[in-house]
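Now for the letters of each chain:
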Amino acid sequence: MKRAFSFGDKSIDAAVHQANSVRRIALIGTGTMGQGIALDLLDKSDCELVLLDICEDALQRTKKRFESLWAKQVATPRLRQEDADALAARVEYTDDFAKLADVDLIWEVATESSEIKAKIFTSIEEHADTDRLVAVFSNTSSHTTAELAELFKTQLFREKFLTVHGYFPFEVNRLIDVMKGKYASEEVFAFGVVFADQILEKAVIALPVDHHGYITDPIFQAMGAIISWDIRKSHDIIELGGLWELFTTNPFTVLDQTGHMPYTQSSRHLGQALPANDRLRCLYQRDGKFYPDWIAELEETGRTGVNSRSREGFFAWSDDKRPKAKSVLDPVSGSYAPTEEISRKDFWSYYEAAEGDRRAGKIKSVDSLIHVACANDAGGRAFRRYALPICLYALDMIQDCAATPGQINIATRAGLRFKVGLIEVIDGLIQHLTIDGLIELIRRARDENADNAYFVDMLDVDGQSGPRRGKPCLLHEMKNRNLTRLLGYGKYNGTPVAEVDFETGKYRGSYLDLKFYEPNPKDRVASIVFNCPMRGNVFNRAVIDQLDHALGRVLEMHHKGTCGAVLLTAAGSGMRMLGADAREFNRGWFQREKGYVPLPEEEAASSSRNGVGCFRILQRSPVASIGVFGEKWGGGAEFTYFLDLRYDVRANGFVYDSLNRKSSWQQANTYNQPELDFAILPGFGAVGELKRLGMGDSVIFEIFDVGMTADRAYQIGLSNGVFDDELEALRRGYERARNMAKDAPYSRALFKKELARGADDDELAHETGEVFNPTKNKFISTGLLALLDRGGRAPKMDYNCLDTQLPGWEYPVKNGLTSPTAKD
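Residues numbered from 1 in each chain as written. Predicted model: local features only at pLDDT ≥ 70, side-chain atom pairs only at ≥ 80, totals over all residues. Heavy atoms only, no water.

1. Concerning the overall build of the protein chain
And step 1. Within the protein chain, the secondary structure is distributed over 31 helices and 28 strands.
And step 2. Rg of the C-alpha trace for the protein chain: 28 Å, near the compact-globule value of 28 Å for 824 residues, within the 12% margin.
And step 3. Dimensions of the protein chain along its principal axes, counting C-alpha atoms only, are 90 × 60 × 60 Å.
And step 4. Put simply, of all contacts in the protein chain between residues at least 6 apart along the chain, 68% involve residues at least 24 apart. (Helix = DSSP H or I, 4+ residues; strand = E, 2+ residues; numbered from the N terminus. Rg over C-alpha atoms; globule rule 2.2 N^0.38 Å. Contact = heavy atoms within 4.5 Å.)

If you want it as structure tokens, here you go:
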């Protein structure tokens, strides 16, 4: 959206104001990460950028890359020439640190070396204007915030310093970490979180307490390090690295894409700085070495991946536009050997897992991972030797209060692109084996590796040896407290929606694809933000589960009188809402060579039933609802038809004229229902809901055949307000929600019931009588006082419904959580 909004959260008002006041940002370092951050900032903000690098060649390469990228976008066309010129005008390329004197934010992304960072930080202190400077960020993969803050000489800079770390490739990876440390002020930390969340539009892992490498990096670092010491021949890189392909991808493939420097420098630092109780510290310090000799040799010879001169690293890469691995490194000879298939004889569990997923229409599922974990083959032994220590490390982070279960799960799914998060895997193992069974599986792994002291210590589950001596694994505490899951799962599709709070033993909302803002006592407006802008905020099984859980929280608050309305919107420029996730229309992983694999009829029907069921709860509830969205497609448009009010942000872009066969820049459609073009139906109820909203057949045909602009939707009464500015649309939408929240619950419930029922004069007379009965409608006395005693001050209305039966609505309680249902 390019600007931030507080959604009624008074605690972030100051941070929102600061984020919106940033006008000029300096990035120090124009390598892979620096370029990615720059492109993201240019796309997602209106800020001017100062790109600072002491290497003139690096600056020129960056400038050439950006100009080439924008030229291609103009030619496509995806970008107007005047917009490309405006982007170029916002960037200044320099090697002069004096340019830091007029910036609001500095982001260092030059190196992992603390020695080089110290020199950069000295220059920052010499040139930055402390009165203007809001914050200094540093991108690091292994350092704590405090370690780096202490490189500054003055307390003022330490208080403004945060580590803010994105993941490769930055401009298309959803995850970002913001870590406070012990020196940064609360105000600066709040600014960093808001900036990362609402300006950069990332899924933020906010860590108030220092932890080496945040959450994600130490897990990724360990994925490579834990197998690196066992690699003896070229095929080991394929077979042992293949274990991680069951979760995401081979870490050595990723390192060749990013370059090896972050990995090797992080290994050096972790080997020196990890605390004594870190389970995985032995991965970075063996016989005085931070990583094996064969990785050191790659670094010394400059073979650091696809971007090196030789285009070699752990693999040798082709010269294609999208490079492919041609061969794999032999760590003994340093030469490259042909890549071979993983042995079906030795690693049969890998293939059985893949076949099981194929038959079930799943992709890298928990079930397949459990199958491998328990197998008696090389694959099972690899899982137990390499994956279980990292599972234990995740449990350590929770036990040490370094992270929550939801944060770890989100970090591995969003940052490392696990198909199922690491905590989901642990929960799955517990459900399959029980806690005692999982403990025994880990002890089995320890016994299988009894000849290796490093693995004995890493696989210690009972607090008997190694860094965790005297501190039994979290599994023991879970057993004692009768906790069998770290996450809570959705009622429709069983995907994660909550995490356990170890202080209370209860579950609280934890969402990857949504943001939830609780209502403040005065406004009584909750806000739900669809938060996967990189994929257009699609509706998939996980989103339906998360939305259902979030709506359950809204209705629980309404029951208690603390929420009267909900604002729904979408993150990202243009506030786009795409429809149902097309990836879920195919059974299993879509492969071009195989073509479409039909989705079973009942599975497709279930998807429709669950989505409509979730939307219908909100529609029939006594909670007022308003949506503020931009461009909407398919199911994204259908969802808005269930809301009480719709505010639209005009969309502009290149629109193709099929008659003249050319594209021109103009107002684009905000309502799009293209389902019939793709041989499917609008499965979330578009036709019935448009009819309910008073749209005639010809208007419905118009929406489906050509789409509809925001202005046209407002003209026919489908839209309740149209705006050019996204922030203004949000401000107006929130204000409308705040006023709707004042409605008395009993009256609004009856009103919703009448809307659903239609005209019935006798029932209307009966309900009008009921509404004046204070034994049924307890709100009547307070409400009418405001109307009758115009000169007086009416008492504040008590909105809680705990002792009131609302007409047409129930609040059944299950397991201590409200599970909303609507009466027919």
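2. Examining the nonpolar core
And step 1. In this structure, Ile219, Trp244, Phe247, Leu475 and Leu486 are the most contacted members of the largest nonpolar core, which totals 102 residues.
And step 2. Looking at which element gives the most residues to this core, the answer is helix H17 (residues 378-399), with 14 residues. (Core = buried A, V, L, I, M, F, W, Y, C linked by side-chain atoms within 4.5 Å. Buried < 20%, exposed > 50% of the residue type's maximum accessible area, 1.4 Å probe, protein only.)

3. Examining the packing of aromatic side chains
And step 1. Under the counting rule described, the total for this entry stands at 34 aromatic pairs.
And step 2. Measuring from ring centre to ring centre gives 5.4 Å for Trp107 and Phe137, while their planes differ by 85°; the resulting arrangement is edge-to-face. Taken together, the residues span a long stretch of sequence, with Trp107 in strand S4 (residues 105-108) and Phe137 in strand S5 (residues 135-138) at a distance of 30 residues.
And step 3. Taking relative accessible area as the criterion, Trp107 reaches 0% and is therefore assigned buried.
And step 4. Every member of this aromatic cluster is reached through a ring pair, and the members are Phe530, Phe539, Phe615, Phe629, Phe639, Phe642 and Phe684.
And step 5. Across the ring face of Phe455, the terminal group of Arg385 is positioned such that the distance to the ring centre comes to 3.9 Å. (Phe/Tyr/Trp six-rings, centres within 6.5 Å; stacked < 30°, edge-to-face > 60°. Lys NZ or Arg CZ within 6 Å of the ring centre and 35° of its normal.)

4. Observations regarding the environment of Val628
And step 1. Its place among the elements puts Val628 in strand S18 (residues 624-629).
And step 2. In sequence terms Val628 and Gly721 are 93 residues apart; their C-alpha atoms lie 9.3 Å from each other.
And step 3. Sequence-distant contacts of Val628, defined by excluding residues within four places in its chain, comprise Leu567, Leu568, Thr569, Ala570, Met575, Tyr647, Ala729, Leu730 and Gly733.

5. A short note on unusual backbone geometry
And step 1. With an omega dihedral of 0°, the bond running from Thr76 to Pro77 counts as a cis peptide bond.
And step 2. Looking at the element boundaries, Pro77 is found in the loop between helix H3 (56-75) and helix H4 (81-89).
And step 3. Its identity is not glycine, yet Asp287 carries a phi of approximately 55°, on the positive side.
And step 4. As for its placement among the helices and strands, Asp287 is situated in the loop between helix H13 (261-273) and helix H14 (293-300).
And step 5. Phi angles above zero are rare outside glycine, and Asn537 is one such case at about 55°.
And step 6. Residue classification places Asn537 among the buried residues on the basis of a relative accessible area of 3%.

6. Remarks on the sheet that holds strand S15 (residues 514-517)
And step 1. Spatially, S15-S16-S17-S18-S20-S24 is the arrangement adopted by the 6 strands of the open sheet, whose pairing is mixed. Here the strands that pair on one side only, and so sit at the sheet edges, are S15 and strand S24 (721-723). Direction aside, the axes of adjacent strands within the sheet are offset by 15° on average. (Pairing = 2+ DSSP bridges. Axes fitted to C-alpha atoms, helices over the stretch in contact; angles between N-to-C directions.)

7. Structural notes on a negative patch on the surface
And step 1. A cluster of acidic side chains, namely Glu56, Asp57, Asp95 and Asp96, defines a negative patch on the protein surface.
And step 2. Residue Glu56 is classed as partly exposed on the basis of its relative accessible area, which comes to 40%. (Patch = residues over 30% accessible without salt bridge, like charges linked within 9 Å, V, L, I, M, F, W, Y side chains within 5 Å. Areas by Shrake-Rupley, 256 points an atom, 1.4 Å probe, with all protein chains shown as cover. Salt bridge = Lys/Arg side-chain N within 4 Å of Asp/Glu carboxyl O. Lys, Arg positive; Asp, Glu negative; His and termini not counted. Charge placed at Lys NZ, Arg CZ, Asp CG, Glu CD.)

8. Things to note about the pattern of salt bridges
Side chains bearing opposite charge may pair, as long as their charged atoms lie close to each other.
And step 1. Scanning the model with the defined rule gives 64 salt bridges in all.
And step 2. In this structure, Asp46 engages Lys2 in a salt bridge whose closest nitrogen and oxygen atoms are separated by 3.5 Å. In this pair, Asp46 sits in the loop between helix H2 (32-44) and strand S2 (48-52) while Lys2 sits in the segment before helix H1 (13-21), placing the two residues 44 residues apart along the sequence.
And step 3. Classification of Lys2 by relative accessible area gives partly exposed; the value is 32%.
And step 4. A salt bridge links Asp104 to Arg132; the nearest nitrogen and oxygen atoms lie 2.8 Å apart. A residue pair is termed long-range when its members are at least 10 positions apart, and Asp104 in the loop between strand S3 (91-94) and S4 and Arg132 in the loop between helix H5 (114-127) and S5 qualify at 28 residues.

9. Details of the pairing of S2
Here is the key point about a regular strand: its side chains alternate between the two faces of the sheet.
And step 1. With 4 of 5 residues buried, S2 is to be regarded as a mostly interior element.
And step 2. In this sheet, S2 lies alongside strand S1 (residues 24-28) in parallel orientation, the contact comprising 5 bridges. Across the sheet, Ala26 pairs through a bridge with Val50, a residue of S2.
And step 3. Following the chain from S1 across H2 to the adjacent parallel S2, one finds a crossover that is right-handed.
And step 4. Across 4 bridges, the pairing between S2 and S3 is parallel. Each residue of the ladder has a partner; that of Leu49, found in S3, is Val91. (Right-handed = clockwise from strand over helix to strand, strands pointing away.)

10. Some words on helix H23 (residues 601-620)
And step 1. With 20 residues, H23 extends 28 Å between its outermost C-alpha atoms, agreeing within 8% with the 28 Å of an ideal straight helix rising 1.5 Å per residue.
And step 2. Every buried residue belonging to H23 is among Asn610, Gly611, Val612, Cys614, Phe615, Ile617, Leu618 and Gln619, and all of these are buried. (Expected span 1.5 Å × (residues − 1).)

11. Section: the sheet that holds strand S12 (residues 487-489)
And step 1. Read across the sheet, 3 strands follow the order S12-S13-S14 without closing on themselves; strand pairing throughout is antiparallel. In this open sheet, the two edge strands, each paired with only one partner strand, are S12 and strand S14 (507-509). Across the sheet, the axes of successive neighbouring strands diverge by a mean angle of 40°, strand direction being ignored.
And step 2. By the bridge criterion, 3 bridges tie S12 to strand S13 (residues 496-500) in an arrangement that is antiparallel. Looking at the pairing, Gly488 lines up with Ala498 of S13.

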